[in-house]
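# Structure assessment
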Amino acid sequence: MAAITAGLVKELRERTGAGMLDCKKALEQHDGDIEKAIDYLREKGIAKAVKKAGRIAAEGLIFDGVTADHKKAVVLEFNSETDFVAKNEEFKNFGKVLVQIALDKNINTIEELKVAEYEVGKTVETALTELIAKIGENMNLRRIHETVAKDGFVETYSHLGGKLGVIVEMSGEATEANLHKAKDIAMHAAAMDPKYLCQEEVTAADLEHEKEIARKQLEEEGKPAQIIEKILIGKMNKFYEENCLVNQIFVKAENKETVGQYAGDLKVLSFTRYKVGDGIEKKEEDFAAEVAAQIKG
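Residues numbered from 1 in each chain as written. Predicted model: local features only at pLDDT ≥ 70, side-chain atom pairs only at ≥ 80, totals over all residues. Heavy atoms only, no water.

## Focus on the overall build of the chain
- Within the chain, the regular secondary structure consists of 12 helices and 8 strands.
- In terms of overall dimensions, the chain has C-alpha extents of about 70 × 65 × 30 Å along its principal axes.
- Per-residue burial over the chain gives 42% buried out of 297 residues.
- Across the chain, the fraction of contacts at a sequence separation of at least 24, relative to all contacts at a separation of at least 6, is 64%. (Helix = DSSP H or I, 4+ residues; strand = E, 2+ residues; numbered from the N terminus. Buried < 20%, exposed > 50% of the residue type's maximum accessible area, 1.4 Å probe, protein only. Contact = heavy atoms within 4.5 Å.)

## Quick word on helix 10 (residues 225–243)
- Compared with an ideal rise of 1.5 Å per residue, which puts 19 residues at 27 Å, helix 10 spans 27 Å between its outermost C-alpha atoms and is within 8% of the ideal.
- Within helix 10, burial applies to I228, L232, M236, F239, Y240 and N243.
- Buried residues along helix 10 sit in contact with helix 9 (204–220). (Expected span 1.5 Å × (residues − 1).)

## Examining the packing of aromatic side chains
- In the structure shown here, the tally under the stated rule is 8 aromatic pairs.
- For the ring pair F63 and F91, a centre distance of 6.3 Å and an interplane angle of 45 degrees mean the geometry is tilted. Taken as a pair, F63 in strand 1 (residues 59–66) and F91 in helix 5 (residues 89–105) lie far apart in primary sequence, 28 residues in all.
- Since its relative accessible area comes to 0%, F91 is described here as buried. (Phe/Tyr/Trp six-rings, centres within 6.5 Å; stacked < 30°, edge-to-face > 60°.)

## A word on the confidence of the model for the chain
- On average, residues of the chain carry a pLDDT of 88, and 91% of them reach 70 or more.
- Element-level pLDDT for the chain is lowest in helix 12 (residues 287–296), with a mean of 46, against a maximum mean of 98 in strand 7 (residues 164–170).
- Long-range and interchain partners of residues 284–288, a stretch whose pLDDT sits below 50, account for 3 contacts in this model, where long-range means more than four residues apart.
- The model gives residues 290–295 a pLDDT under 50, and that stretch makes 1 contact with residues more than four places away or in other chains. (pLDDT = per-residue confidence, 0-100.)

## Focus on the pattern of salt bridges
- Considering all chains together, one arrives at 24 salt bridges under this definition.
- K183 is the salt-bridge partner of E155, the closest N and O atoms lying 4.0 Å from each other. Highlighted residues: E155 in strand 6 (residues 153–159) and K183 in helix 8 (residues 176–192), separated in sequence by 28 residues.
- Through salt bridges with shared partners, a single network forms among E59, D83, K87 and K163. (Salt bridge = Lys/Arg side-chain N within 4 Å of Asp/Glu carboxyl O.)

## A short note on the sheet that holds strand 6
- What the 3 strands build is an open sheet, ordered 6-7-8; its pairing is antiparallel. Every other strand in the sheet has two partners, leaving strand 6 and strand 8 (268–275) as the edge strands with one partner each. Taken pair by pair, the neighbouring strands of this sheet meet at an average axis angle of 15 degrees, ignoring direction.
- Helix 8 rests against strand 6, strand 7 and strand 8 of the sheet, and its axis sits at about 45 degrees to strand 6. (Pairing = 2+ DSSP bridges. Axes fitted to C-alpha atoms, helices over the stretch in contact; angles between N-to-C directions.)

## Considerations on the side chain of E155
- Note on E155: relative accessible area 7%, which makes it buried.
- Apart from residues lying up to four places away in sequence, E155 is in contact with V66, H70, V166, I167, V168, L179, A182 and K183.

What follows is the structure, given as structure tokens:
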């Protein structure tokens, strides 16, 4: 049996909001498999739906940019070791320049960005190496995404001082009113973290997984088998409402209209949402131990 560490219990608590003893029991029953433990806690009604990405930790910023005609947009994640460096003006200016380079040269991969010309006779990768040497902290160009509108337009939104960045692609013309609406929808995506654009994007595997958890919850509640399937239909509609962008209740709605309804004559064609450090596990430091080690050393 795998060792159930305090750190594993802590992570499960953070991801589910369940009590310490419940988390420990769930991990013990599933040999330390945190994903299976999460499903178990949800089936028992102890935990609500949780986000899949575990601990999020890397520092840095999300940089975004859009062309003047709103036909092309870019989001870039540029990581640093500490939040202190992410606030450095040279770090921020470097990120802004890279977004402009990506827009100018139609760059959509980190590999392409690194070999692009930063200035005469110098690549982006060389410029980054020089910046690392100057500031004295490691930095990383982690990921980049470019959206090019074919028939419609694109808009971006930056949240929490660059900790979140979103691109939305919309049908229609880039009028002032439509750009305002697109910015609102991008803001909603930043705040509500939808997993899919619409119901059609939900995979059969994901849907079946949610159904199975809901079915076990209903069985735990003692619901009769003959009505469970009917209840599941309502629960899956709720799943779509909570996880699909166009089905979510718009954050600024006055009458509980969905994002799709708020869009009106426009259609949300795609969205990309970047959050700093999403999916990266950060090394947790014991500050007291670190100071003690430095004093000894």
